[in-house]
Amino acid sequence: MKYGFIGCGNMGSSLVRALHNSTTDIAVADFSEQSKTFAEELGITHTDNESLVKDCDRIFLAVKPHILSSCLAPLKEMLALKKPLIISMAAGVEIAKIEAMVGAKLPIIRIMPNTPTAVGKGVILYCCNELVSDEVLADWLADMAPCGIVDALQENLIDAASALSGSGPAYMYMLIEALADGAVACGLPRDKAMRYAAATMEGAAKMFLTSGQHPGALKDAVCSPG
């Protein structure tokens, strides 16, 4: 078994869905009933943490930062012996802290993804330690390609960028809702208003990404003088 996910909440399941386009050799370990249903839906393995570490050589840490230490504690000996590739998405937890939690040097990639990863339109920032070889990194990047943008970033910038791309989708959803509310107040049916707002946001983003123009110039192209 190649990839394992310790934790399968909103973000973990989004990554699993995207990674599933590259490989079906995936296991998840999570206590929730939803995760069991999710695993059955995708045809992947649902297991426990210990079995996952034993069977998988690339392990995503997809639990909340405040429980990461307690989650890793019973797995320390297995991880130190096997030395799998660790991919951590624990916000605010540096690579050095993960090494300290395990008590050993392991190949570690630290990432910060966002939920649009589930539909192949995500933004994933990553950095890694010196134990991640160029070959392993290239292979991992190829597997992650269906997720969207996967971009290298210095670790000292990860937290700042996480506030943008990690939390940013919530602001986009609020904007969609606000635009739709305004349209509904003018008489449009809500289902059409929501669809128009979302498509407008998608189109504007695509226009910016493909045109190479400054967003201010694109804004001016929409606005009529006076």
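Values in this document were obtained by computation on a predicted structure and should not be read as measured data.

Caption draft 1: Spatial organisation of the pattern of salt bridges. For the structure on display, the rule yields 13 salt bridges. The shortest N-O distance in the salt bridge between Arg17 and Glu41 comes to 3.1 Å. You can see Arg17 sitting in helix 1 (residues 10-19) and its partner Glu41 sitting in helix 2 (residues 33-42), a full 24 residues away along the chain. By relative accessible area, Arg17 is classed as partly exposed at 33%. Here Glu33 makes a salt bridge to Lys36, at a shortest N to O gap of 3.5 Å. Of this pair, Glu33 and Lys36 both sit in helix 2, separated by 3 residues, roughly a single helical turn. On the basis of relative accessible area, Glu33 is assigned to the exposed category, the value being 53%. Each of Lys2, Arg58, Asp139 and Asp143 takes part in one network of salt bridges that share partners.

Caption draft 2: Quick look at the pairing of strand 1 (residues 3-6). Burial along strand 1 is two-sided: the face carrying Tyr3 and Phe5 and the face carrying Gly4 and Ile6 are both buried. Relative to strand 2 (residues 26-29), strand 1 is paired through 4 bridges, and the arrangement is parallel. Paired with Tyr3 across the strands is Ile26, a residue of strand 2. Regarding the hand of the β-α-β motif, the stretch spanning strand 1, helix 1 and strand 2 is right-handed. With 4 bridges joining them, strand 1 and strand 4 (residues 58-61) adopt parallel strand pairing. For Gly4, the partnering residue across the bridge sits in strand 4 and is Ile59.

Caption draft 3: Main features of a nonpolar patch on the surface. On the surface, Tyr171, Met172, Tyr173 and Met174 cluster together into a nonpolar patch covering about 480 Å² of accessible area. Looking at the element boundaries, Tyr173 is found in helix 9 (residues 168-185). Assessed through its relative accessible area of 47%, Tyr173 is described here as partly exposed.

Caption draft 4: Spotlight on the packing of aromatic side chains. Counting across every chain of the model gives 3 aromatic pairs. Seen in terms of ring centroids, Tyr3 and Phe60 are 6.0 Å apart; in terms of plane orientation they differ by 40 degrees. Their pairing is tilted. Of this pair, Tyr3 sits in strand 1 while Phe60 sits in strand 4, and the two are 57 residues apart along the sequence. Of the two residues, Tyr3 and Phe60, both sit in the buried class. Ring centres of Phe5 and Phe60 lie 4.3 Å apart, and the angle between their planes is 0 degrees; this geometry places the pair in the stacked category. Of this pair, Phe5 sits in strand 1 while Phe60 sits in strand 4; the two residues are 55 residues apart in sequence, bridging distant segments of the chain. A residue is classified by how much of its surface remains accessible, and Phe60, at 0% relative accessible area, is buried. An aromatic cluster of three or more residues is present, and its members are Tyr3, Phe5 and Phe60.

Cut-off values and rules
- Residues numbered from 1 in each chain as written.
- Predicted model: local features only at pLDDT ≥ 70, side-chain atom pairs only at ≥ 80, totals over all residues.
- Heavy atoms only, no water.
- Salt bridge = Lys/Arg side-chain N within 4 Å of Asp/Glu carboxyl O.
- Helix = DSSP H or I, 4+ residues; strand = E, 2+ residues; numbered from the N terminus.
- Buried < 20%, exposed > 50% of the residue type's maximum accessible area, 1.4 Å probe, protein only.
- Pairing = 2+ DSSP bridges.
- Right-handed = clockwise from strand over helix to strand, strands pointing away.
- Patch = residues over 30% accessible without salt bridge, like charges linked within 9 Å, V, L, I, M, F, W, Y side chains within 5 Å.
- Areas by Shrake-Rupley, 256 points an atom, 1.4 Å probe, with all protein chains shown as cover.
- Phe/Tyr/Trp six-rings, centres within 6.5 Å; stacked < 30°, edge-to-face > 60°.

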